[in-house]
Amino acid sequence: MGCLGSRAEEEGTASARDGVTEYFDSHCHLTDTAFRDDRDAVFLRASEAGVKGITLISSDVDDAASAAELAAKREGVYSTAGIHPHAVGVAASGDLDRVREIASSRAEVVAIGETGLDYFYEHASRAAQRVAFDAHLQLGCELSLPVVVHARDADDDIAAAIRAMPSGTVGVLHCFTGGDRAFTEAMAADWYVSASGIASFKSFSAAPLLREVPRERLLIETDSPYLSPVPFRGRRNEPANVVHVAHAVASLLMLSYEEVAQRTTQNARRFYGLGTI
């Protein structure tokens, strides 16, 4: 049985404001304690850098509630609700019901996640991660919300989950670093792909796949406080640095950074069902 249709596909696309380069950080974790002492300054620097859209990604149910509260206080800031694969092993039996409640009752929540599979760290068993991932995909379909997906060293099972999900489920492979089979299934399902600061590293090996992503399915992100792009690698990351991600992606795709900024802002607003500006 398929989905009724995600907001990501029902809403119109955004249009850039004339003469102004605007950015959308599609994935960051500003509820993290790394921002406890200067969160307001982080938001200010993002605004000054031209970042007009930010999505706060949650890692568990308590984080989902905190992200929604933080998003509600600021214009152009949105949130998600979900259980990260790292948190699956410690999640309570009713946590997914709480995710559903938060996602369905808070206007700030624009997606389900972060969910997915991480077989590199395996903080939870692979079987438990897969059950949780499938449940999040189902929930995204039921609530007509897109799904934010973490994928690490789990190419076969990510691909299998995408094949098995309800038809019409919309998702994004966030912080994309490769995985041929998951990429193929994601493209076949009209999913999005998001590039992070890793795209600025000399070791980034997924550029050939990134070039295959349709321009209307490309997003950029910081994944703050992690994965600072060059020239800030090794320091705490923040949304203002999405400007440098745009430059790195532009170089890889042989586009202007202005075009990358405009396209990915339009795409993020479409993905999250935010309509036009």
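Note: the structure precedes this text.
Residues numbered from 1 in each chain as written. Predicted model: local features only at pLDDT ≥ 70, side-chain atom pairs only at ≥ 80, totals over all residues. Heavy atoms only, no water.

### Here we look at the packing of aromatic side chains
Under the counting rule described, the total for this entry stands at six aromatic pairs. Both rings, one in Phe 120 and one in Tyr 121, keep their centres 4.8 Å apart while their planes meet at 90 degrees; by these two values the pair is edge-to-face. Using a relative accessible area of 44% as the deciding quantity, one classes Tyr 121 as partly exposed. Ring centres of Phe 176 and Phe 183 lie 5.6 Å apart, and the angle between their planes is 40 degrees; this geometry places the pair in the tilted category. The class for Phe 183 is buried, based on a relative accessible area of 4%. Aromatic ring contacts, followed pair by pair, group Phe 24, Tyr 78, Tyr 192, Phe 271 and Tyr 272 into a single cluster. Above the face of the Phe 120 ring, Arg 152 is positioned so that its terminal group lies 3.7 Å from the ring centre. One Lys or Arg, Arg 233, reaches over the ring of Phe 201 and ends 3.6 Å from the middle of that ring. (Phe/Tyr/Trp six-rings, centres within 6.5 Å; stacked < 30°, edge-to-face > 60°. Buried < 20%, exposed > 50% of the residue type's maximum accessible area, 1.4 Å probe, protein only. Lys NZ or Arg CZ within 6 Å of the ring centre and 35° of its normal.)

### Quick word on the nonpolar core
The biggest cluster of nonpolar side chains holds 72 residues, and the ones touching the most others in it are Leu 56, Ile 158 and Val 249. For this core, the element with the most residues is helix α9 (residues 242-253), which contributes eight residues. Excluding anything up to four places from it in sequence, Leu 56 contacts Cys 28, Leu 30, Ala 67, Leu 70, Ala 71, Val 77, Tyr 78, Ser 79 and Thr 80. Judged by nonpolar contacts, the second largest core, of 14 residues, contains Ala 268, Phe 271, Tyr 272 and Leu 274. (Core = buried A, V, L, I, M, F, W, Y, C linked by side-chain atoms within 4.5 Å. Helix = DSSP H or I, 4+ residues; strand = E, 2+ residues; numbered from the N terminus. Contact = heavy atoms within 4.5 Å.)

### Here we look at the packing of helix α5 (residues 126-143) against helix α6 (residues 155-164)
Two numbers describe a pair of packed helices, the interaxial angle and the distance between the axes. The geometry of α5 relative to α6 is characterised by a closest axis approach of 10 Å and an angle of 35 degrees between their N-to-C directions. Like other packed secondary-structure pairs, α5 and α6 cross with a definite hand, here right-handed. For the pair formed by α5 and α6, the contact residues are Arg 130, Phe 133, Asp 134 and Leu 137 on the first element and Asp 157, Ile 158, Ala 160, Ala 161 and Ala 164 on the second. For the contact of α5 with α6, the residue count by class is six nonpolar, no polar and three charged. (Axes fitted to C-alpha atoms, helices over the stretch in contact; angles between N-to-C directions. Left-handed = near helix turned anticlockwise from the far one by under 90°. Nonpolar A, V, L, I, M, F, W, Y, C, P; charged D, E, K, R; others polar.)

### Thoughts on helix α4 (residues 95-105)
Among all positions in α4, only Asp 95, Val 99, Ile 102 and Ala 103 are buried. The buried residues of α4 all sit within an arc of 95 degrees when viewed along its axis, so they share a single face. Of the residues in α4, the exposed ones pointing more than 90 degrees away from the buried face are Asp 97, Glu 101, Ser 104 and Ser 105. As for α4, its buried residues are in contact with α3 (61-72), β3 (77-81), β4 (109-118) and α5. (Arc of directions from axis to C-beta.)

### A few points about the state of the cysteines
Inspection of every chain in the model, using the stated rule, returns one disulfide. Across a sulfur-sulfur distance of 2.2 Å, Cys 3 and Cys 141 are joined as a disulfide pair. Looking down the S-S bond of the Cys 3 and Cys 141 bridge, the torsion is -135 degrees, so its handedness is left-handed. Taken together, the residues span a long stretch of sequence, with Cys 3 in the segment before α1 (7-10) and Cys 141 in helix α5 at a distance of 138 residues. (Disulfide = S-S within 2.5 Å.)

### Some remarks on the sheet that holds strand β1 (residues 23-28)
If you trace the eight strands from one edge of the open sheet to the other, you get β1-β2-β3-β4-β5-β6-β7-β8, paired in parallel fashion. Of all the strands in the sheet, just β1 and β8 (218-220) have a single pairing partner and so form its edges. Taking the axes of each pair of neighbouring strands and ignoring which way they run, one obtains an average angle of 30 degrees across the sheet. Where strand β5 (residues 147-152) and strand β6 (residues 171-173) come together, three bridges link them in parallel fashion. When the bridges of β6 are listed, Val 148 appears paired with Val 172. Running over the sheet, α9 touches β1, β2 (51-56), β7 (192-195) and β8 and is turned about 140 degrees from β8. (Pairing = 2+ DSSP bridges.)

### Topic: the pattern of salt bridges
With the rule as written, the count across this model stands at 15 salt bridges. Between Glu 69 and Arg 106 there is a salt bridge whose closest N-O contact spans 2.9 Å. One end of the pair, Glu 69, is in helix α3; the other, Arg 106, is in the loop between α4 and β4, with 37 residues separating them in the sequence. The exposure class assigned to Arg 106 is partly exposed, which follows from its relative accessible area of 24%. Arg 130 is paired through a salt bridge with Asp 134; the nearest N and O atoms lie 3.0 Å apart. A residue pair is termed a helical-turn pair when its members lie 3 or 4 positions apart in one helix, as Arg 130 and Asp 134 do in helix α5 at four residues. Classification of Asp 134 by relative accessible area gives partly exposed; the value is 32%. (Salt bridge = Lys/Arg side-chain N within 4 Å of Asp/Glu carboxyl O.)

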